[in-house]
Amino acid sequence: MLSSLRSRALHTGTSTKLVSRAFASASGTPPPAEGFMQGVATSKFIKTTKEQCLAHPELASVKNSETQKMNYFTAVNDALATALATDDKAVIFGEDVGFGGVFRCTIGLSEKFGRERVFNMPLTEQGIIGFGIGMAAVGHTAIAEIQFADYVFPAFDQIVNEAAKYRYRSGNEFNVGGLTIRMPCNAVGHGGLYHSQSPEAYFAHTPGLKIVYPRSPIQAKGFLLAAIRDPNPVLVMEPKILYRSAVEQVPVDDYVLPLGKAEVVKEGKDLTVVGWGAQLYVLENAVMEAERRMPGLSVEVIDLRSILPWDRETVEKSVNKTGRLLIAHEAPHTGGFGGEIAATIQERCFLKLEAPIARVCGWDTPFPLAFEKFYVPGMIRCLDEIERVMKY
């Protein structure tokens, strides 16, 4: 069984060499693949009670549902089980998914629904997505897993030139809207170059795709089900550091959340802060400290949630109110999706801006192992930038 220690046989002429995909550990003992993110358990963005959960207006359709305590990967598993149970044409495939997957997101599904519906694929990302496109093209609901987002690039052509363009090039006679692609992404504390990347901006440049970035178990279940049922190919980016760190009360009933809609998770009047995925919890801590240091400061926090399409209206409305904008994401600064947000808001809100739009991002280097804490846009970097924008 392949795991986070992954091996690929590369053929060069008549020779074969084995390349390992592995995590490094100073002690020699592999750390947990999904890592652990401090502060999530105490976040105000996490719904820890049934009442908090069901009070959310987007969950009105399941307001009478029971809830169950789930971590992020359990919520993903629950969504996948719901999709398989409600859609006879749904299939799940990828590396190790028949065994439960590296992060246990598909555990128990092959036993419950059969190995013809939940099955392993060879270690070939291009093949996985090409297979999914074919399945979707003939009417199946194809749910593909890329084991780590860092390894989606061999499938890049299949996603941007085939899946994204299938409907357009056929004049809407054919489509692969039944294709959903899940991929664990973001920093994990020990992933290094090949288990830490955030590739959303590469795909955001591609008309025909949708991209969603759930921040919590409730969001993970609702957005994954929405992605699976959406009539377009959707990429679901799952911050792997949240798989065990984020725990919420989640409705057990079937529900979806709206793709393309941001959420104001904290209201404020002086500064708008925008992030997505695990970065929301970093921003929450930075905002709390900034408001402590600067009495009277009131910061609005927006979870963008969907990268493509992204909710321009919600961000624009907020910035017209606050006059200031800070965007933070783990992907590198140059070409990161924060640049698209900044350009759009500058066009729409120029006369309302009281300070230059700020971005706090990963640096323009490969993702480092030993220096990860210096690379990611952590709480201190975000706090420093909040103070700079407010003092402008």
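Not measured: the values here are computed from a predicted model. (Residues numbered from 1 in each chain as written. Predicted model: local features only at pLDDT ≥ 70, side-chain atom pairs only at ≥ 80, totals over all residues. Heavy atoms only, no water.)

## As for helix H5 (residues 156-163)
Reasoning step 1: Of the residues making up H5, those classed as buried are Gln 158, Ile 159, Val 160 and Ala 163.
Reasoning step 2: Where H5 is buried, its residues contact helix H4 (125-137), helix H6 (166-169), strand E7 (179-185), helix H7 (200-204) and strand E9 (234-239). (Buried < 20%, exposed > 50% of the residue type's maximum accessible area, 1.4 Å probe, protein only. Helix = DSSP H or I, 4+ residues; strand = E, 2+ residues; numbered from the N terminus. Contact = heavy atoms within 4.5 Å.)

## So, the pattern of salt bridges
Opposite charge on two side chains permits pairing when their charged atoms draw close.
Reasoning step 1: What the rule picks out here adds up to 20 salt bridges.
Reasoning step 2: As a salt-bridge pair, Arg 215 and Asp 303 come within 2.7 Å of each other at their nearest N and O atoms. With Arg 215 in the loop between strand E8 (210-212) and helix H8 (217-229) and Asp 303 in strand E13 (residues 299-303), the pair connects residues that are 88 residues apart, well separated along the chain. The pair formed by Arg 215 and Asp 303 is uniform in burial state, with each residue classed as buried.
Reasoning step 3: Between Glu 289 and Arg 292 there is a salt bridge, with its nearest N and O atoms 2.6 Å apart. You can see Glu 289 and its partner Arg 292 sitting in helix H10 (residues 279-293), three residues apart, about one turn around the helix.
Reasoning step 4: In this structure Glu 289 comes out as buried when scored by relative accessible area, which is 19%. (Salt bridge = Lys/Arg side-chain N within 4 Å of Asp/Glu carboxyl O.)

## Overview of the nonpolar core
Reasoning step 1: Membership of the largest hydrophobic core comes to 71 residues, with the highest contact counts inside it found for Leu 242, Leu 326 and Ile 386.
Reasoning step 2: Sorting elements by how many residues they give to this core places helix H2 (residues 72-86) first, with nine residues.
Reasoning step 3: In this structure Leu 326 touches Leu 271, Thr 272, Val 273, Val 274, Leu 283, Ala 358, Val 360, Cys 382, Glu 385 and Ile 386, once residues within four positions along its chain are discounted.
Reasoning step 4: Judged by nonpolar contacts, the second largest core, of 49 residues, contains Ile 128, Ala 142, Ile 181 and Ile 341. (Core = buried A, V, L, I, M, F, W, Y, C linked by side-chain atoms within 4.5 Å.)

## Overview of the packing of aromatic side chains
Reasoning step 1: Across all of its chains, the model carries 14 aromatic pairs by this definition.
Reasoning step 2: When the ring of Tyr 72 is compared with that of Tyr 243, the centres are 5.6 Å apart and the planes differ by 75°; the resulting orientation is edge-to-face. Placement of Tyr 72 in helix H2 and of Tyr 243 in helix H9 (residues 242-245) is noted, with a sequence separation of 171 residues between them.
Reasoning step 3: Owing to a relative accessible area of 0%, Tyr 72 belongs among the buried residues under this scheme.
Reasoning step 4: Classification of Tyr 243 by relative accessible area gives buried; the value is 1%.
Reasoning step 5: Between Phe 93 and Phe 131, the aromatic rings sit 5.0 Å apart at their centres with planes inclined by 85°, giving edge-to-face as the arrangement. In this pair, Phe 93 is assigned in strand E4 (residues 90-94) and Phe 131 in helix H4, connecting sequence segments 38 residues apart.
Reasoning step 6: Note on Phe 131: relative accessible area 30%, which makes it partly exposed. (Phe/Tyr/Trp six-rings, centres within 6.5 Å; stacked < 30°, edge-to-face > 60°.)

## Focus: the confidence of the model for the chain
Reasoning step 1: Confidence in the prediction of the chain, expressed as mean pLDDT, is 92, and 91% of residues score 70 or more.
Reasoning step 2: Counting contacts from residues 1-27, a segment whose pLDDT is below 50, to residues more than four positions away or on other chains yields 59 contacts. (pLDDT = per-residue confidence, 0-100.)

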